[in-house]
Amino acid sequence: VTTTTELLQGTLDLLILKAISLGPQHGYGILLRIQQVSRDKLHIQQGSLYPALYRLEHQGLIASEWGESENKRRAKFYRLTAAGRRRLQDELRYWHRLSEAIALVLAATPEDV
Amino acid sequence: MRLLARVRSFLSALVLQRRLERDMEQEWEAHLEARAEALAAAGMPRADARRQAGIEFGDPLRWKEQAREARGLGWIQDLRADVQYAFRQMRRAPGFTGVVIATLALGIGANTAIFTVVHAVLLKPLPYEDADLLVRLVENVPAADSTTGARRRGVSMSVAELHELRGRTGAISHAGLASLSFVVISGGEETVRLEGARYSPAIFQMRGVRPLLGRVFDAGDEVPGGDGVIILSHVAWRRYFGGEPAVLGRTLTLEDAFARDAPRRHSVIGVMPQTFEPGGQNQFWIPFPPGVPGAGGDPRGPVVARLADGVSLQSAAAEVGAILSQMRGDEHTDGAVTSSGPPRYELVREKDEIVAPVKPALLVLMVAVGFVLLIACVNVTNLVLARTSARRREFAVRLALGAGRGRVGRQLVTESMTLALLGGLGGTVLAFAGVRLLRALATTLPRMDLGVQLAFPRLDETGIDLAVLAFTSAISLMTGLLCGLAPAIRLSGLDRSDALREGAATADSGVGLFRRSRMRGLLVVAEIGMAMMLLAAGGLLLHSFARLATVDLGYESANVLTFQLALPAEAYPNARLRTFAEDLVSRLRVVPGVRAAAYARQLPLVAIKESGWFRRMPDLPDPPPRQPEGAPDARLVSRDYLSVMGIGVVAGRGFSENDRAGQPRVLLINETLARREFPGQNPVGQQVYAGRDSVPWEIAGVVADVRQFGLDQEPEAQFFADFRQWPAADPVLFTFLGPYYTVRTDVGPMSIIPAVRAGVRELDARAGLYNIATMEQLVANRIARPRMYAVLLGLFAALAAGLALVGVYGVMAYVAAGRTREIGIRMALGAQHADVVRLVLRQSVAITAAGIVLGLAGAVVLTRYLEGMLFGLSPLDPTTLLVVSLAFAAVATLASYVPARRAASVDPLLALRCE
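Thresholds applied
Residues numbered from 1 in each chain as written. Chains lettered and ligands numbered in written order. Predicted model: local features only at pLDDT ≥ 70, side-chain atom pairs only at ≥ 80, totals over all residues. Heavy atoms only, no water. Helix = DSSP H or I, 4+ residues; strand = E, 2+ residues; numbered from the N terminus. Buried < 20%, exposed > 50% of the residue type's maximum accessible area, 1.4 Å probe, protein only. Contact = heavy atoms within 4.5 Å. Areas by Shrake-Rupley, 256 points an atom, 1.4 Å probe, with all protein chains shown as cover. Pairing = 2+ DSSP bridges. Axes fitted to C-alpha atoms, helices over the stretch in contact; angles between N-to-C directions. Expected span 1.5 Å × (residues − 1). Buried area = accessible area lost by both parts, 1.4 Å probe. Salt bridge = Lys/Arg side-chain N within 4 Å of Asp/Glu carboxyl O. Polar contact = N/O pair within 3.5 Å; in protein donor to acceptor, adjacent residues only side chain to side chain. 1 Å grid on protein atoms, 1.4 Å probe; cavity = no way out; pocket = protein on both sides within 12 Å on 5 of 7 lines; lining within 4 Å. Points joined across faces, edges and corners; volume = space filled by probe spheres on them. Nonpolar A, V, L, I, M, F, W, Y, C, P; charged D, E, K, R; others polar. pLDDT = per-residue confidence, 0-100. Core = buried A, V, L, I, M, F, W, Y, C linked by side-chain atoms within 4.5 Å. Parallel < 35°, antiparallel > 145°, perpendicular 65-115°, else oblique. Left-handed = near helix turned anticlockwise from the far one by under 90°. Disulfide = S-S within 2.5 Å.

1. A look at the overall build of chain A
Looking only at helices and strands, chain A has 4 helices and 3 strands in total. Overall, chain A shows an N-to-C arrangement of helices and strands of α-β-α-α-β-β-α. Burial status across chain A gives 41% buried among its 113 residues. For chain A, the proportion of contacts with a sequence separation of at least 24, taken over those separated by at least 6, is 49%. Summed over all atoms, the accessible surface of chain A reaches about 7000 Å², with 54% contributed by carbon and sulfur.

2. Notes on the overall build of chain B
If you tally the helices and strands in chain B, you get 27 helices and 23 strands. Out of the 915 residues belonging to chain B, those deemed buried represent 51%. For chain B, long-range pairs separated by at least 24 residues make up 81% of all intrachain contacts whose partners lie at least 6 apart in sequence. Surface summary for chain B: the accessible area is close to 41300 Å², and the carbon and sulfur share equals 59%.

3. As for the sheet that holds strand β2 (residues 62–68) of chain A
All names here are of chain A. Sheet architecture is open: 3 strands sit in the order β1-β3-β2, paired in antiparallel fashion. Looking along the sheet, the strands with just one partner apiece sit at the ends: β1 (25–26) and β2. Alignment of β1 against strand β3 (residues 74–80), held across 2 bridges, turns out to be antiparallel. Bridging from a neighbouring strand, H26 pairs with F77 of β3. Sheet contacts for helix α3 (residues 49–58): β2 and β3; angle to β2, the most-contacted strand, approximately 120 degrees.

4. Side note on helix α4 (residues 82–106) of chain A
With 25 residues, α4 of chain A should cover 36 Å at 1.5 Å per step; its first-to-last C-alpha distance of 36 Å lies within 8% of that length. The set of residues buried in α4 of chain A consists of A83, G84 and L88 of chain A.

5. Some words on the interface of chain A and chain B
Contacts between the two partners involve 23 residues from chain A and, on the opposite side, 27 residues from chain B. Together, the buried faces of chain A and chain B total about 2300 Å²; carbon and sulfur atoms form 52% of this surface. For chain A, the biggest contributors to the area lost against chain B are Y28, Y54 and H58 of chain A; these three give 30% of the whole. In this structure, the connection of chain A to chain B is made through 1 salt bridge. In this structure, K76 of chain A engages D23 of chain B in a salt bridge whose closest nitrogen and oxygen atoms are separated by 2.9 Å. Here chain A and chain B share 11 residue pairs in polar contact (both at pLDDT 80 or more) between them. The element best represented in the side of chain A that touches chain B is α3 of chain A, accounting for 5 residues.

6. Concerning the environment of Q663 of chain B
Residue and element names in this part refer to chain B. Looking at the element boundaries, Q663 is found in the loop between β17 (649–652) and β18 (666–670). Here the alpha-carbon distance between Q663 and Q725, two residues 62 residues apart in the chain, equals 8.0 Å. When sequence neighbours within four positions are dropped, the list of residues in contact with Q663 reads N658 and Q725.

7. Here's the deal with the side chain of H234 of chain B
Here H234 of chain B lies in helix α9 (residues 234–240). Dropping the residues within four chain positions of it, H234 of chain B is found in contact with L212, V271, M272, P273 and Q274 of chain B.

8. Structural notes on empty space enclosed by the protein
Applying the stated criterion to the full structure yields 6 cavities of 30 Å³ or more. Looking at the largest cavity, its volume works out to about 130 Å³. Residues belonging to the lining of the largest cavity are distributed by class as follows: 7 nonpolar, 4 polar and 3 charged. Considering only enclosed or pocket space, the second largest cavity measures out at about 100 Å³ in volume. What lines the second largest cavity is a set of 14 residues, among which H26, Y28 and A75 of chain A together with A30 and H31 of chain B lie closest to the centre. Elements with a minimum of two residues in the lining of the second largest cavity: α2 (27–37) and β3 of chain A together with α2 (17–41) of chain B. If one sorts the elements of the lining of the second largest cavity by residue count, α2 of chain B sits on top with 4 residues.

9. Notes on the confidence of the model for chain B
Per-residue confidence for chain B gives a mean pLDDT of 84, with 90% of residues at or over 70. Contacts of residues 502–514 of chain B to residues separated by more than four positions or lying in other chains number 13 contacts, the stretch itself having pLDDT below 50.

10. Some remarks on the nonpolar core
All names here are of chain B. In terms of nonpolar packing, the biggest core is built from 109 residues, with F456, Y555, Y641, F796 and F888 touching the most fellow members. The greatest single-element share of this core, amounting to 16 residues, is contributed by helix α23 (residues 784–818). Here Y555 is in contact with P604, L605, M645, G646, I647, V706, R707, M775 and V779, once residues within four sequence places are set aside. Counting 42 residues, the second largest nonpolar core, distinct from the first, contains L565, L588, A721 and I753.

11. Quick look at the packing of α2 of chain B against helix α4 (residues 60–70) of chain B
All names here are of chain B. Where α2 contacts α4, the axes come no closer than 12 Å and their chain directions differ by 135 degrees. In terms of axis orientation, α2 runs oblique to α4. The way α2 lies across α4 gives a crossing that is right-handed. Two secondary-structure elements touch here, α2 through Q17, E21, M24, E25 and W28 and α4 through P60, W63, K64, A67 and R68. Class assignment of the residues belonging to the contact of α2 with α4 gives a composition of 5 nonpolar, 1 polar and 4 charged.

12. Observations regarding the side chain of S844 of chain B
Residues and elements named next belong to chain B. By the secondary structure assignment, S844 is in helix α25 (residues 833–862). Of the polar contacts made by the side chain of S844, one reaches the side chain of S896; its length is 2.7 Å. Apart from residues no more than four positions distant in its own chain, S844 is found in contact with M812 and S896.

13. As for the layout of surface pockets
Residues and elements named next belong to chain B. In this structure, the second largest pocket occupies an estimated 1000 Å³ of space. What lines the second largest pocket is a set of 40 residues, among which V235, R239, Q281, Q283 and P446 lie closest to the centre. Mapped onto the lining of the second largest pocket, the elements with two or more residues apiece are β5 (192–199), α9, α14 (405–442) and β23 (768–774). Of all the elements, β23 adds the most residues to the lining of the second largest pocket, at 5 residues. For the lining of the second largest pocket, the per-class residue count stands at 18 nonpolar, 13 polar and 9 charged.

14. Focus on the pattern of salt bridges
All names here are of chain B. The full count for this structure, using the stated rule, is 41 salt bridges over all chains. A salt bridge links E350 to R207, with the shortest nitrogen-to-oxygen separation between them at 4.0 Å. Placement of E350 in helix α11 (residues 350–355) and of R207 in helix α8 (residues 201–207) is noted, with a sequence separation of 143 residues between them. Across the pair, R207 and E350 agree in class, each one buried. A salt bridge links D722 to R724, with the nearest nitrogen and oxygen atoms 2.8 Å apart. In this structure D722 comes out as buried when scored by relative accessible area, which is 1%.

15. Observations concerning the state of the cysteines
Residue and element names in this part refer to chain B. Here the structure, examined in full by the defined rule, presents 0 disulfides over all chains. In this structure C377 is not part of a disulfide, and its nearest cysteine sulfur, from C483, lies 4.1 Å away. You can call C377 buried: its relative accessible area is 6%.

16. Observations concerning the packing of helix α12 (residues 359–390) of chain B against α23 of chain B
Residues and elements named next belong to chain B. In contact at an axis separation of 10 Å, α12 and α23 are set at 15 degrees when each is read in the N-to-C sense. With respect to their mutual orientation, α12 and α23 come out roughly parallel. Taken as a pair, α12 and α23 cross one another with a handedness that is left-handed. Contacts between α12 and α23 involve A361, V364, L365, A368, V369, V372, I375, A376, N379 and S389 on the former and, on the latter, Y789, L792, L793, F796, L799, A800, L803, A804, V806, G807 and Y814. Along the lines of polarity and charge, the residues of the contact of α12 with α23 split into 18 nonpolar, 3 polar and no charged.

Next comes the structure, spelled out in structure tokens:
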């Protein structure tokens, strides 16, 4: 692990929702998925994933059940609920708008003002 | 739905916390394994891989903490810690804890017990379908239409009149008549007399209670001349018919006391469950008789009705009232609300009518226990305040270590809540005992002939149920909040650096102490005031009850047994019954332990008034067509009745063996009648006419006045005649209830019952004894309600006073202890032991006096609500108020004398050095 990027508040939730939306996954799998897709740019301290998962479950956005992992181990799998799917859409829309706006601001030159 | 998920997750987190934690650990273990495997696959040695996985995962304790918060369990953790801490604090101060819990248990227990009754009697609807729609028709008779002044009574109607009323209004959907009934059922092994009622079929329909067995009355049962039918109560069915379902269809031979035609055969068509009339006196029901069409004297009875759906009580009352006024041709009102007084006809909800006699008393009791709880709260608040000041250092340390004031305040409230809930638990246990006491106090003989309904209606429906427990929990929590709030507020004034300094804890002296104890002093004044109000009320009721219980009855109630007999009616016409009574009495006379035996048409306290013509000699011998106003009570008695009852002969003589039929007729009159008819003369030897015939009677003696209709009612004029001399032409020697037998004994009156039963059996094996009671029981029965009020309110007053005394003691002990240094200086400067005692006592006298004055002022305002519950006593009876004030002042002074003496016996040197 070389680079550490501090995650924006609330971003972890969005990442988890997105990762799970690609298919039910257990905790470790979610971490791997985020790291793979971000090409190891994002580093999440592994244990901190779980309070976030429980918070999302408490909010009814994801649901969990025990199952068997790819290497035949017992693992708890998380999947999106309908509410979670709606929330993900909302968050994505918001995120895109925000990043667009931020990109605009950052790309500004003295002439634009 | 997200809310639902959240609640579900929270609840499962709460309930299944242990499982959740295990689940979490397993999940994390799987994670660590997977990571370690991945690392090992990348070439790391197995042992290092596992370690590395752990490092990457981070501190599991921290994640656990966050996980709990994520599930909304943070405050549960706090609460658990607070409660654990509270219990630890309690164990550290067992004396304090015990006193607080006991105080709260008493306060909450009293409230729970009374609320149990209020709930069952006043709040719960009657156990019927649409119980709120059931009403009774009541008439306010104006003074102009009545010989006994304005009064209120149920409207009586015949079936025909009720039919007319029903036809003219749509405001009521059902209407029926109900009246008392007595029947004698013969033909079985033992003749049985039952008390019950005649009900129109509509009453069963409007209540909507399903019979336990068989069916209820329907319109067909109301037809004149139809087959007799009877419905039994659950109690009667179990007691007289062995609870056999086969009773349905059985035919009973019964004589209806109010329809003395021939004994009629009634078939049993149903049995009603206990819920039909909980605690009710009715043992059976027969259909209300319609009477013969066209004939004048149709039977009448009070009206019970059910409002039509959607019709308000007021509009129904106005409509029904107007129709009734038209039907009856009332002169004084057209049924509309007149400017003066209430409307003539009213509809009253059945429940209100049933509970009306006890409602004011229940409200008084509710207020009284409310005061008891407030006093308990004051005591607890004072105790908690004292304890909080003792714990100032602890709080200061916690504040200094960074605890928020809110957090520490929450801790304090949790502590007092925990105490209050424990107190509530104790209170619930006490309430069970309280309800038992109440039931015992309110239990009376259910006898219609005494005219006393149950001392307490609906008491059978009383029980500690969910509503009661909810009430108890609510007041416990409120109490906890109330008692915890004051110290929590006090805490907000605590300066952390100040309190931390050792010296600050002992800076209580002089002005500071006074200011600090002022709040506690005021609280104690308030609680003395409340206790005084209760003492005044309890004192008044006890005083009133003592007067009632010691009133001169005019007879001696001790060692007198009374009973009645049920005999097959056709075998015993009046004359035969008298022979039977004479035979029985002469047999009873020789039973060991019996001093005398007699029988009479009436007993004292039997609530049936029977006036007799009574005229002095110079008047016309022919009786006027109607009995004049205030005709005296006519008492037909057997020879020894006066000696059995212990009614004293004031002048002349009583009845003797010679006063037989055929001998000169003699009459005894009571003192009231003597005063009224023969003022300033000797009535003995005077000739009078009594009864319907024109043969004169000679007054042989004057007897003592008897309180006939109740201990609280002045004696009325009475005359006594011997059965043997009463004209045989008078067909009714006995009432429909038959004679009352009375036996005076030398032994416990109840112990001769077997001998009495045997004597009766010898004369007629079919005879059944009923209404067996000692005269003392009848008297106690009559005053059961005032006794219950006096006992309860007296108990609550004593409780309140006791708590207030504890409060006085507590605050004086605190103040005196706080003044130790000052007292030490005073004594070092030469003050004597007595001076110091006086010094402390002066303060307590001031507090007590202020409280008593406050309480008396409150009593002046509040005791007027007791007016209806007092006998021969004004609600401001000065003697009672003076006595309770002085008594309380004396005990309060005594309570503060203990701390005063302790303060004075301190060694001045030690007192000076201790600070």
